[in-house]
Amino acid sequence: MQWEEAAGGFAAMGSEARLKVLRCLVRAGRDGLRVQDIQTRTGIAPSTLAHHLKFLSGADVVVQEKVGRATISRADFDRLRALADFILCECCSDQMQEAANDG
């Protein structure tokens with residue numbers, strides 16, 4: 001994952017409302033939720049929710065699929081895992097470097 005791609009993913013999660021939506025979808029698992037169900041669970045107004053879902057799907061952290069008349073939204077677990085790996089990939093590397101320099 002490149003820096004620009006990671007920054008876009010993290011920026012998409014950069015508001016309390018979008019984090020609420022994403023957490024709701026993560027908790028729902030791979031089946032996802034209808035937009036109406038997300039609205040009920042989060043209490044976010046429908047027009048505002050549509051905006052947040054568009055932002056999250058634009059950053060590829062949420063995938064949306066039309067099923068009949070409903071739109072199902074799902075957290076993209078592979079993308080979220082890649083973002084987590086990106087930010088954690090060098091965990092404690094400074095401490096390890098310091099230890100190597102002290103040794």
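First things first, this report covers the structure right here in the doc.

For helix 4 (residues 46-58), spanning 13 residues, the distance from its first C-alpha to its last is 18 Å, which sits close to the expected 18 Å at 1.5 Å a residue. Taken together, the buried positions of helix 4 are Leu49, His52, Leu53 and Leu56. One face of helix 4 carries all of its buried residues, which in axial projection span an arc of 100 degrees. When the buried face of helix 4 is taken as reference, the exposed residues oriented beyond 90 degrees from it are Ser47, Lys54 and Gly58. Asp60 lies just past helix 4 and shows a positive phi near 65 degrees.

So, on to the packing of aromatic side chains. On inspection of all chains with the given rule, the structure shows one aromatic pair. Ring geometry for Trp3 against Phe86: centres 5.0 Å apart, planes inclined by 85 degrees, an arrangement best described as edge-to-face. Residue Trp3 is located in helix 1 (residues 3-12), and its partner Phe86 is located in helix 5 (residues 77-88); the two are separated by 83 residues in the primary sequence. With a relative accessible area of 69%, Trp3 lands in the exposed category. Of the residues examined, Phe86 reaches a relative accessible area of 18% and is grouped as buried.

Here the focus is the pattern of salt bridges. Taken as a whole and assessed by the stated rule, the structure comprises four salt bridges. As a salt-bridge pair, Glu5 and Arg79 come within 2.8 Å of each other at their nearest N and O atoms. With Glu5 in helix 1 and Arg79 in helix 5, this residue pair connects regions lying 74 residues apart in the sequence. Looking at Arg79, the relative accessible area reads 10%, which means it is buried. Of the charged contacts, one joins Arg34 and Asp37 as a salt bridge, the two residues approaching to 3.2 Å between their closest N and O atoms. The exposure class assigned to Arg34 is partly exposed, which follows from its relative accessible area of 36%.

Attention shifts here to a nonpolar patch on the surface. On the surface, Phe10, Ile87 and Leu88 cluster together into a nonpolar patch covering about 290 Å² of accessible area. For Ile87, the location among the structural elements is in helix 5. When its relative accessible area of 55% is taken as the criterion, Ile87 is described as exposed.

Time to look at the pairing of strand 2 (residues 62-67). Across six bridges, the pairing between strand 2 and strand 3 (residues 70-75) is antiparallel. Residue pairing for strand 3: Val62 is matched across the bridge by Ala75. Taken together, strand 2 and the strand that follows it, strand 3, pair antiparallel across an intervening segment of two residues, in which Gly68 is found at a positive phi of about 65 degrees.

Each value, and the rule that gives it
Here the residue numbers are simple positions, counted from 1 along each chain's written sequence. Confidence filtering applies because this is a predicted model: local features only for residues at pLDDT of at least 70, side-chain atom pairs given and counted only at 80 or more, and all residues used for totals across whole chains, interfaces and linings. Water and hydrogen atoms play no part in the side-chain values, which are based on all heavy atoms of the structure. Secondary structure elements follow DSSP: runs of H or I no shorter than four residues count as helices, runs of E no shorter than two count as strands, and numbering proceeds from the N terminus. The length a helix should cover is 1.5 Å for every residue beyond the first. Remark: exposure states derive from per-residue accessible area (1.4 Å probe, protein chains only) relative to the maximum for the residue type, with buried under 20%, exposed over 50%, and partly exposed in between. Relevant arc is that of directions from the helix axis to the C-beta atoms, nothing else. Ring pairs shown here join Phe, Tyr and Trp side chains whose ring centres sit within 6.5 Å, with only the six-membered ring taken for Trp; geometry is labelled stacked below 30 degrees between planes, edge-to-face above 60, and tilted in between. One speaks of a salt bridge when a side-chain nitrogen belonging to Lys or Arg is within 4 Å of a carboxyl oxygen belonging to Asp or Glu. Nonpolar side chains (Val, Leu, Ile, Met, Phe, Trp, Tyr) within 5 Å and like charges within 9 Å form the patches, drawn only from residues with over 30% relative accessible area and no salt bridge. Calculation of accessible area relied on Shrake-Rupley with a 1.4 Å probe; when residues are assessed, cover is drawn exclusively from the protein chains displayed. DSSP-based pairing: two strands are paired if at least 2 bridges between them are found.

Interpretation note: all reported values are geometric properties and have no functional meaning in isolation.
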